[in-house]
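# Chains, contacts and geometry: an overview
Chain residues, written in single-letter form:
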Amino acid sequence: MRRSPTSLSRVDPARETALAGLDPLTVTKLWDNPCWLSFRLNFLAFRFNDPVYRWIEARHGLVRPEFVALYAVGLKEGVAAKNIVSSSGLPKNTLSRAVQKLLHRRLLRRETDAADLRSYVLHLTPSGRAIFDETMPLMVKHQAAMLACLDESERQQLCGLMDKLVIASPDWPQEL
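Quick summary incoming for the structure in this document. (Residues numbered from 1 in each chain as written. Predicted model: local features only at pLDDT ≥ 70, side-chain atom pairs only at ≥ 80, totals over all residues. Heavy atoms only, no water.)

Across its 22 residues, helix H7 (residues 126-147) extends 32 Å between first and last C-alpha, which sits within 8% of the 32 Å expected from 1.5 Å per residue. Considered for burial, the residues of H7 that qualify are Gly 128, Ile 131, Phe 132, Thr 135 and Met 139. (Helix = DSSP H or I, 4+ residues; strand = E, 2+ residues; numbered from the N terminus. Expected span 1.5 Å × (residues − 1). Buried < 20%, exposed > 50% of the residue type's maximum accessible area, 1.4 Å probe, protein only.)

A few words on the pairing of strand S2 (residues 116-124). Bridging between strand S1 (residues 108-113) and S2 involves six bridges; their strand directions are antiparallel. Residue pairing in the sheet places Glu 111 in a bridge with Val 121 of S2. (Pairing = 2+ DSSP bridges.)

A few words now on unusual backbone geometry. The backbone of Arg 106 shows a phi angle near 60°, a positive value even though the residue is not glycine. Structurally, Arg 106 is set in the loop between helix H6 (92-104) and S1. In this structure Arg 106 comes out as exposed when scored by relative accessible area, which is 65%.

The next subject is the layout of surface pockets. Considered as a void within the structure, the largest pocket measures approximately 2,300 Å³ in volume. Lining of the largest pocket is provided by 49 residues; of these, Leu 41, Leu 44, Ala 45, Met 146 and Met 162 occupy positions nearest its centre. Elements with a minimum of two residues in the lining of the largest pocket: helix H1 (13-20), helix H2 (24-31), helix H3 (36-60), helix H4 (64-75), helix H5 (81-88), H7 and helix H8 (152-168). Residue classes in the lining of the largest pocket are distributed as 34 nonpolar, nine polar and six charged. Its boundaries defined by the atoms lining it, the second largest pocket holds a volume of some 370 Å³. (1 Å grid on protein atoms, 1.4 Å probe; cavity = no way out; pocket = protein on both sides within 12 Å on 5 of 7 lines; lining within 4 Å. Points joined across faces, edges and corners; volume = space filled by probe spheres on them. Nonpolar A, V, L, I, M, F, W, Y, C, P; charged D, E, K, R; others polar.)

Now for the pattern of salt bridges. In this structure the tally under the stated criterion is seven salt bridges. Asp 116 is the partner of Arg 118 in a salt bridge, and the nearest nitrogen-oxygen pair spans 3.1 Å. Judged by its relative accessible area of 74%, Arg 118 falls in the exposed class. Between Asp 133 and Arg 129 there is a salt bridge, with its nearest N and O atoms 3.6 Å apart. (Salt bridge = Lys/Arg side-chain N within 4 Å of Asp/Glu carboxyl O.)

Next comes the structure, spelled out in structure tokens:
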């Protein structure tokens, strides 16, 4: 079985010290695993998302699907719920419940889509915008902390490589 292209090195003491802080199963999943890419992406996403979602729930009482919807509308006003489903991977019914709660709390408002009168688009209310605006700098700061170990050229390279993966993703199998 093929493992991660960057095997665990016993030569680099700084790396060994850092890895010692992880539990052995996590180290195995991230390095001694033929599916290292998906586990590393999920590990990093969790390390970013978990503190964000815990903070937003404690501060504003929003659970993950609700914040995912609020954040999406904050990034692109006038988006339809179906677009949030396709960009987030959340099930349609989960997102529908989240949008209903946000509408009820008056964090979102719904309008008829001018391009398709059978559909609705979502907008942030001033209260929803306040939550988005309060959260965004914290998320940017958190991302900067995660990227601090990379110099500018490494950040550009990482972004370019992730661009390639995202662009290629529609060609990946949808069923196993």
